[in-house]
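Commentary on secondary and tertiary structure
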Amino acid sequence: MPYHAADTRYESIDYVRVGRSGLRLPKISLGIWNNFGYDRPLDTQRAIIRRAFDLGVTHIDIANNYGPPPGSAESNFGTIFSQDLAPYRDELIISSKAGYTMWDGPYQDFGSRKYLLSSLDASLKRTGLDYFDVFYSHRPDPETPIEETMGALASAVHSGKALYVGISNYSPEQTRAAHAALAVHHVPLTIHQPRYNMFDRHIEAGLFPVLDDLGMGSIVFSPLAQGLLTDRYLDGIPDDSRAANSPFLGASNITNDYLSRVRGLNDIARERGQSVAQLALSWVLRIPQVTSALIGASSVAQLENNLAALDFDALTTEEIRAIDEFAVDGTGTHS
């Protein structure tokens, strides 16, 4: 049956301006990382993406190496886009990234001009798109001059293959250098995509004022700490959980210290009528420089539960103070 987007899709979600740019993103965006490779049913992926758009999630974030295997998330998205979303292209913000290992040989990693622009073309081919709304340098390159990396991003804009460019995993100092290098090409650095959650607070040490100063916004990834900031592990490690199966999150992370903190957060969430995941999303969105929070989803029900975080009032000063006792940087990083 042909897909027709819900007429009510813009009635229940807010769209926030990215820094001083003209771009707006939904407060929660959909990332297709672990759950959109060839190892997952395409019909499940389609249902999640359709439901997200029906609920007003206009931004879908990908990267060249997402899968598994690398590239499969972009290919699967391309299939779903061509069959369902192509009529809505002008209503969508679709981003991709390059910077991590992708293919064999010396030109498949980090931030060389060769790699970034080759990857951009390959990503466009896999998705079937003419352009990305945002194209990112996925991580800084310690060996390539930042002028080369940013020059490649500028070329993506000048060629019409990207409308905006961003960076991910860059330090405050690297962010300033990237912004300056792009300014030479008259291309603004629009957005930063850092990791940020209650158990990983490292960007509070200086990134937010830099974003303000440069007129940038941010979209934070891993706001649920790959599932640690949910009620998933309160009573043990389920056989089908990430802690049991994912190479990115081992069972060694489920320590007594972690359980004590997530149970404390669960008590605060219950007082607000929220789940732990919803509380974690409310918490990252309390920061004005956080334009959007990037979530994954393995089911429509999980997607809907996370988006329901937007139905709750903002955290009070007292609630934030209570959360701080349990929102400790470094929790759960033992794998």
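Right above here is the structure, for reference.
For the structure given in this document, a descriptive report is provided here. Note that the structure is a prediction, hence the values are computed from the model and not measured. (Residues numbered from 1 in each chain as written. Predicted model: local features only at pLDDT ≥ 70, side-chain atom pairs only at ≥ 80, totals over all residues. Heavy atoms only, no water.)

1. Observations regarding the pattern of salt bridges
The following threshold applies: The salt bridge definition used is simple: a Lys or Arg side-chain nitrogen within 4 Å of an Asp or Glu carboxyl oxygen. Numbering of helices and strands runs from the N terminus; a helix is a DSSP stretch of H or I covering at least four residues, while a strand is a stretch of E covering at least two. Only protein chains enter the area calculation, which uses a 1.4 Å probe; residues under 20% of their type maximum are buried, those over 50% are exposed, and those in between are partly exposed.
Counted under the stated rule, the structure contains 17 salt bridges. For the salt bridge of Asp 84 with Arg 46, the shortest nitrogen-to-oxygen distance reads 2.9 Å. Pair noted here: Asp 84 is in helix 2 (residues 72–85) and Arg 46 is in helix 1 (residues 42–54), with a separation of 38 residues, a long-range link. With relative accessibility at 4%, the residue Asp 84 sits in the buried group.

2. Re the layout of surface pockets
Rule in force here: With a 1 Å grid spanning the protein atoms alone, the term cavity applies to any set of points in which a 1.4 Å probe fits but cannot get out, the term pocket to an open set with protein on both sides within 12 Å along at least five of seven lines, and the term lining residue to any residue with an atom within 4 Å of a point. Grid points are joined across faces, edges and corners, and a volume is the space filled by probe spheres set on the points.
Looking at the second largest pocket, its volume works out to about 230 Å³. In terms of lining residues, the second largest pocket is bounded by 13 residues, among which Lys 27, Leu 285, Ala 309, Leu 310 and Phe 312 are the most central.

3. Focus: the side chain of Thr 331
Counted only if it meets this: Pairing of N or O atoms within 3.5 Å defines a polar contact, subject to two protein rules: one partner must be a possible hydrogen donor and the other a possible acceptor, and residues neighboring in sequence count only if both atoms are side-chain atoms. Contacts are residue-level and defined by heavy atoms, with any inter-residue pair within 4.5 Å sufficient.
With respect to the helices, strands and loops of the structure, Thr 331 is situated in the segment after helix 11 (317–324). You can call Thr 331 buried: its relative accessible area is 2%. Within the structure, Thr 331 has its side chain in polar contact with the backbone oxygen of Val 328 (distance 2.9 Å). The residues touching Thr 331, leaving out its near neighbours within four places in the chain, are Phe 199, Asp 257, Tyr 258 and Arg 261.

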